Amino acid sequence: MMNMGGKPGEACPFEFNFDPATFKIGDTVGYRVPKLNGFPFVAIIKSVHEDHIEIEDPGEPGKLMRATRESRPVVSNEAAGV
């Protein structure tokens, strides 16, 4: 994703996995919270289940959130604390 870094033409510093079929522990995903109008946040997958994943936002170490298993996972407002 170009022009997402700190300078024009610079690539985004994150490498995202948008394919739920290949999600694995350690992958970086962009998640959304409904109450925050779909604004994307970055998280690391901590566990993968058939119908959901558990993620951790690097800004809140140790706080695991349950997210949907889709290309851009959704975390409930309650789980996100909003």
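Since the structure is predicted, the reported quantities are computational estimates derived from the model, not experimental observations.

Enquirer: Residue-level account of the overall build of the protein chain, with values.
Expert: Counting its regular elements, the protein chain contains one helix and four strands. The order of α-helices and β-strands along the protein chain, N terminus first, is β-β-β-β-α. In the protein chain, which comprises 82 residues, the proportion classed as buried is 29%. Across the protein chain, every contact between residues at least 6 apart in sequence was considered, and the portion connecting residues at least 24 apart equals 27%.

Enquirer: Give a description of the side chain of Asn17 that names residues and reports values.
Expert: Of note, Asn17 is situated in the segment before β1 (28-31). Of the polar contacts made by the side chain of Asn17, one reaches the side chain of Asp27; its length is 2.7 Å. Once you skip the residues sitting within four places of it in the chain, Asn17 turns out to touch Thr22, Phe23, Asp27, Thr28, Val29 and Ser71.

Criteria and thresholds
Residues numbered from 1 in each chain as written. Predicted model: local features only at pLDDT ≥ 70, side-chain atom pairs only at ≥ 80, totals over all residues. Heavy atoms only, no water. Helix = DSSP H or I, 4+ residues; strand = E, 2+ residues; numbered from the N terminus. Buried < 20%, exposed > 50% of the residue type's maximum accessible area, 1.4 Å probe, protein only. Contact = heavy atoms within 4.5 Å. Polar contact = N/O pair within 3.5 Å; in protein donor to acceptor, adjacent residues only side chain to side chain.

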